[in-house]
Amino acid sequence: MMTEQDIQRAIEESHGMGAGLARNAHLERVWEAARSHGDGSLVVKAGMALIRSYEYSSEDHKMLIPFARLLSLWDKDPAAFDASDRRRLFWYFKWASSSLTTRPQVPLAAAEDWTRRMRQRYAEAGYSDNAVLKAELFIAQHVGDEDRAAEAFEKWRASPRDTMSDCHACDDNASGDYHLLRGDDENALREWAPVLSGNRTCAEEPERVLGSSLLPLVRLGRIDEARTNHLRGYRMVAGLDSLHGAVGEHIEFCALTGNEARGLRILLDHSDWITTVPDVDVDRHFLAAVLVLSRRLIALGQGEHTVPGPRSRQWTIAELASWLDAELTASAARFDARNGTSHVSTRLRERLDQEPFPAIPLGYSRRLPGGGHASDPPAGVDVTRPDASVESLIAEAWAAELVAHPDARHRWRALDVRVTADGLEPDAACRAAIALYEALNSPDVDEAAARITAAEAFAAAGRIDRAVVERARAAMLLAGDDDFDAADAQLAAMTELGEVPPYATFIRRHAPIEIDLLRLGPGAADDVDDRLRALGEEWGDLTDEVCLVANVRVLASLARNRLQVDDFPAAIPHLRRAIDLADAAERGWLAGNYAIALGRVLTRIGDVPGAAVVFDEALRRPVLDDDVRAELHFFAAPVHAALGDAVASRHHAAAATDWFDRVDTPEGKSKAQFARYYIARSYMEENLSADAATILEGVLADEPGPELVSDVRAALGKVLVELHQPLAAVEHFVALARAAQTEGRHEEHASYASQTAEALSSGSRRDEALAAYAEARRLWADLDQPIPVARIARSEALLTVEFELENLPTFERSMLDVRAELARELGDASAETDLARALHHEIAETNAQLAERMCVLVVHADKSCDVDCPDECEEHDEERRRTAETMREPGGVYERAAEYARSAVDGFAALSAHSEQVRAAARLGEILLELSLKDEAMAVAEAAMPIAEALGDPMWIQYSLKRTMWYATGEDVE
């Protein structure tokens, strides 16, 4: 049997446990032990802890029984409740009241009666009915009584707030929900704005509101805000047992915005929430979101993909969807039967019947686990085409092929599906085209070899024109790999194919010049120019479609030829003309590559606005190759960033990741990863660390190549430190240090070793941090770098002293040793050099940190006391008085700290390091006041204040200076 001390200790232990089922079970045992013990105050403490634990878990519906027992105890023995317990009892009344509506087994009349009892109890205790009216609003909303909800909302908003009212953040959430349930997205977001901006927070805010805001933002077209709220918000709710519904909202958002793959990833990360048979009545909001996702995955052909499901077995998505639909429908019916309405069922159907929105790239891969991509097929292409004849499919495929239309591969795929299904055999030329595109879709294809094979098949089938085209394309690929002998062999084979139509004739003439452009390089640019111009004149009849397209190709070649000699003024008009002629030939998709080249040239010569126009106009074309569209977005992103439009920049980068994923090649994957990294850097520049961290973690999980992984880890480590997760950053800094060591990058090795130590120190891993600092100091010393050596030595001294006054002499000696070593290095350094200036700065910084830490130690020692010592302890007061006198004696702590602070102020002033100067001056002023040197304190503060105001330094520095001036004179300072 647990003793009273055991029970108290167990309650204390629960404070260090994370919210969730384990803590609930722990406190349930404590609660039973306390009730068995019989001490009323002990029962109250255990019951309060259990109720609070239930509230911040998925078992909030279980709080009613312990609360009812505490309420009964209050009526019998109010003396068992201290003032804090009394307040909590009435506060928890709200939680218990709201939990009643979550169980359909509880009659609605009981929930209504509980609210009436709450009103009576609050009135007797002297509280307003503000919280009661809010509870009535929730009941009205739950049953779907809009008139009653509107009345309750108005009364609640008009009622006076008091100490039983929820915090402003929670009330903003409720107000926004009221408007959302009435279909008013704009007013919902207006109510939520203070929470979304971070101006109002609570234990679970903005986590809940961030999830609720996602679909309203999408419906209003505020896409970047929705993307940001997802990236930031999901990170805050992931894995939290009390926020199942909020996690569900992120899953639903992904499901309806074309990010089904990410939604599935989130579901898999929370699979333990459904692997045991969930309580559908309690978890219906989360499970409904899972059903929304499941339906979308089924629509995308993923119904047979398996996921963990109830009873801890694998379910196909189709099976899971069927089970969820039945269970949720039955649950809604139970609530409606209890409520006497059809509201819960209606809301469920509305949620499940939502149509997906146009895809919103989030910066994550949208490739689905069962293969394919969560994107619609190109416009106008239906690969099944059940109503089309085989002849029409063949005609459409050849029509697309002959004009190099991006849909050609889909047309051939449609034909292949049909003839396979019908058991037909297409002619040899069709088989050659189908085989070519099938080969090109292979991830490890040798494209040149595939095109040579296709050329041979086309020639055998009598399509000499296609054979010429494929030989020419193969020759270009081989020349691009510097295999000019093989390229020449293809050119020779091409010329031996006999008589061909006009465009194939042009290809025969054009291909050798293109090969020579690569072979001969910049030195032959003028000769190549002449040959291209002659070819253009030969095919100069722009009223003829073939000649028009031929000139597009010639102009593109002329531009490439000029670009290889950096003749940008000559290349630009060629590219513009090529784009115009491609449009005139009604082959706008050909203009995409030329727009990429033109935009990049304009960017390089500084015409960034012009480049943005080129990229944006090209992207408005309805038909482009997937890889071309991806590249356009990829290069548009930094252009828009340079124009100051971070939102547009991130939009383009996210779209680039999506289109590169569709291309699904190793190069496309690498570029998609880089684009995601670019998005993260954009968020970092706006101090949106959580958004950046979420993207960076996704990139790292995608296993980027060595050229990117270091940048990703470095950025991720930085933002994790900013998010106060230093221990999570350690693994990245350690990995970076090892990689740098392996590759012989010694300064980077030392730098990442230093960052590892700093992260360990921030994470309160003192011993590990000291070992890491020692290693980093050794590495910097080996590189003969006195500045980082000094900084590390200071960090070691600060970590060693902690807040123990008895450690002060050791700390002071260590810091003086650092200062002396810096002075020695300064003596060896040449005057007026960057190194000398840096050493002066570090000496001043050492003095400033000495003064700062000495004062902190004094203040901490003055406040510290044994936990069992009462505040009025005379012995303690006497000890404080003696310590203070000792510190103010000549040569004591304050006098030495003042001298260090004076040196810091003078050192920074000499370097014109004004921000550091005023920081040191603020501390010096405080120290001088402790020494009763009011005139000097006033002089220091008066000298520093104008500098601080001009710099716009943090308000705490300006406040400190003003406070020094006030204490020095006894007068208010404006």
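Residues take numbers from 1 onward in each chain, read along the sequence in its written order. Thresholds applied to this predicted model are a pLDDT of at least 70 for local features of residues and 80 or more for the giving and counting of side-chain atom pairs; totals over whole chains, interfaces and linings are not thresholded and use all residues. With hydrogens and water stripped out, all remaining heavy atoms of the structure feed into the side-chain values.

## Overview of the packing of helix α26 (residues 502-520) against helix α28 (residues 545-563)
Next, step 1: Only the stretch in contact is used when a helix axis is fitted, and all axes are lines through C-alpha atoms; the angle between N-to-C directions ranges over 0 to 180 degrees. Secondary structure elements are defined from DSSP: runs of H or I of at least 4 residues count as helices, runs of E of at least 2 residues count as strands, and each element is numbered from the N terminus. One can describe the packing of α26 onto α28 by two numbers: an axis separation of 10 Å at closest approach and a directional angle of 5°. When the interaxial angle is binned, α26 and α28 end up roughly parallel. Packed against α26, whose contacting residues are Pro 502, Tyr 503, Phe 506, His 510, Glu 514 and Leu 517, the element α28 presents Val 546, Val 549, Ala 550, Arg 553, Val 554, Ser 557, Arg 560 and Asn 561 at the interface.
Next, step 2: Three classes are used: nonpolar for Ala, Val, Leu, Ile, Met, Phe, Trp, Tyr, Cys and Pro, charged for Asp, Glu, Lys and Arg, and polar for all others, with Gly counted as polar. Classifying every residue of the contact of α26 with α28 gives eight nonpolar, three polar and three charged. Angles below 35 degrees are treated as roughly parallel, those above 145 as roughly antiparallel, those between 65 and 115 as roughly perpendicular, and all remaining angles as oblique. Contacts are assigned to residue pairs with any non-hydrogen atoms lying within 4.5 Å of each other.

## A short note on the pairing of strand β1 (residues 306-309)
Next, step 1: Across the two faces of β1 the burial differs, with Val 307 and Gly 309 buried and Thr 306 and Pro 308 not buried at all.
Next, step 2: In the sheet, β1 pairs with strand β2 (residues 313-316) via four bridges, with the strands oriented antiparallel. Counted as the bridge partner of Gly 309 is Arg 313 from β2.
Next, step 3: Any two strands are treated as partners once DSSP identifies two or more bridges connecting them. Counting the residues between successive antiparallel strands, the hairpin from β1 to β2 contains three residues, one of them, Arg 311, with a positive phi of roughly 60°. Relative accessibility decides the category of a residue: with a 1.4 Å probe and only protein chains considered, values under 20% of the type maximum give buried, values over 50% give exposed, and everything between is partly exposed.

## Quick notes on helix α19 (residues 343-352)
Next, step 1: By the burial criterion, the buried members of α19 are Val 344, Leu 348, Arg 351 and Leu 352. Projection of α19 onto a plane perpendicular to its axis shows the buried side chains occupying an angular sector of 95°, all on one side.
Next, step 2: Taken together, the buried residues of α19 touch α7 (130-143), α14 (244-256), α17 (284-299) and α18 (317-339). Directions are taken from the helix axis to each C-beta atom, and the arc is the one they span.

## With respect to the environment of Leu 491
Next, step 1: By the element assignment, Leu 491 lies in helix α25 (residues 484-495).
Next, step 2: With sequence-adjacent residues up to four places away left out, Leu 491 is seen in contact with Ala 475, Ala 511, Pro 512 and Ile 515.

## Regarding a negative patch on the surface
Next, step 1: Each patch groups residues whose relative accessible area exceeds 30% and which form no salt bridge, using 9 Å between like charges and 5 Å between nonpolar side chains of Val, Leu, Ile, Met, Phe, Trp and Tyr. Under the convention used here, a 1.4 Å probe and the Shrake-Rupley method define accessible areas, while residue burial counts only the protein chains that appear. Should a side-chain nitrogen of Lys or Arg be within 4 Å of a carboxyl oxygen of Asp or Glu, the pair is scored as a salt bridge. When charges are tallied, Lys and Arg are placed among the positive residues and Asp and Glu among the negative ones, while His and the ends of the chain are skipped. Every charge is mapped onto a representative atom, which is NZ of Lys, CZ of Arg, CG of Asp or CD of Glu. Among the surface-exposed residues, Asp 446, Asp 481, Asp 482, Asp 483 and Asp 485 lie close enough to one another that they form a single negatively charged patch.
Next, step 2: Assignment of secondary structure puts Asp 483 in the loop between α24 (464-480) and α25.

## Examining the side chain of Asp 166
Next, step 1: Position of Asp 166 relative to the elements: it lies in the loop between α8 (146-158) and α9 (168-181).
Next, step 2: Its relative accessible area of 17% is what places Asp 166 among the buried residues.
Next, step 3: Here a polar contact means two N or O atoms within 3.5 Å. Within protein one must be a hydrogen donor candidate and the other an acceptor candidate, and residues neighboring in sequence count only if both atoms are side-chain atoms. Side-chain polar atoms of Asp 166 contact the side chain of Lys 94, separated by 2.5 Å.
Next, step 4: When near neighbours in sequence (up to four residues on either side) are disregarded, Asp 166 contacts Trp 91, Lys 94, Lys 134, Arg 161 and Asp 171.

## Considering the packing of aromatic side chains
Next, step 1: Only rings of Phe, Tyr and Trp enter the pairing, Trp through its six-membered ring, and a pair is recorded when the two centres are within 6.5 Å. The plane angle decides the type: under 30 degrees is stacked, over 60 is edge-to-face, the rest tilted. Throughout the structure, instances matching the rule amount to 24 aromatic pairs.
Next, step 2: Between Tyr 56 and Trp 95, the aromatic rings sit 5.9 Å apart at their centres with planes inclined by 85°, giving edge-to-face as the arrangement. In this pair, Tyr 56 is assigned in the loop between α3 (40-55) and α4 (64-76) and Trp 95 in helix α5 (residues 83-99), connecting sequence segments 39 residues apart. Summarising the burial analysis for this pair, Tyr 56 and Trp 95 share the class buried.
Next, step 3: Between Trp 966 and Tyr 967 the ring centres are 5.0 Å apart and the planes differ by 80°, which places this aromatic pair in the edge-to-face class.
Next, step 4: Owing to a relative accessible area of 35%, Trp 966 belongs among the partly exposed residues under this scheme.
Next, step 5: Each member of the aromatic cluster is reached from another via a ring pair, and the members are Phe 67, Trp 74, Phe 81, Phe 90, Phe 93, Trp 114, Tyr 122 and Tyr 127.

## So, unusual backbone geometry
Next, step 1: A cis amide bond, omega 15°, links Glu 205 with the succeeding residue Pro 206.
Next, step 2: We note that Arg 311 has phi near 60°; this positive angle belongs to a residue other than glycine.
Next, step 3: Assignment of secondary structure puts Arg 311 in the loop between β1 and β2.
Next, step 4: Backbone geometry places Ser 764, a non-glycine residue, at a positive phi of 65°.
Next, step 5: Among the residues examined, Ser 764 registers a relative accessible area of 66% and is labelled exposed.

## A closer look at the confidence of the model for the protein chain
Next, step 1: Confidence of the predictor at the level of single residues is given by pLDDT, which spans 0 to 100. Residues with a pLDDT of 70 or more make up 94% of the protein chain, whose mean pLDDT is 89.
Next, step 2: Taking the mean pLDDT of every element in the protein chain, the minimum, 58, falls on helix α43 (residues 874-888) and the maximum, 97, on helix α12 (residues 214-219).
Next, step 3: Confidence over residues 376-381 falls short of pLDDT 50; this stretch has eight contacts with residues more than four positions distant or in other chains.
Next, step 4: Segment residues 863-872 is flagged for pLDDT under 50; beyond a separation of four residues in sequence, or across chains, it makes seven contacts in the model.

## Topic: the environment of Arg 161
Next, step 1: When you line up the elements, Arg 161 lands in the loop between α8 and α9.
Next, step 2: For the pair Arg 161 and Asp 481, spaced 320 residues apart in sequence, the C-alpha separation works out to 75 Å.
Next, step 3: The contacts of Arg 161, once residues within four sequence positions are left out, are Asn 130, Asp 166, Cys 167, His 168 and Asp 171.
Next, step 4: A distance of 2.8 Å separates a polar side-chain atom of Arg 161 from the backbone oxygen of Asp 166.
Next, step 5: A distance of 2.5 Å separates the side chain of Arg 161 from the side chain of Asp 171, its partner in a polar contact.

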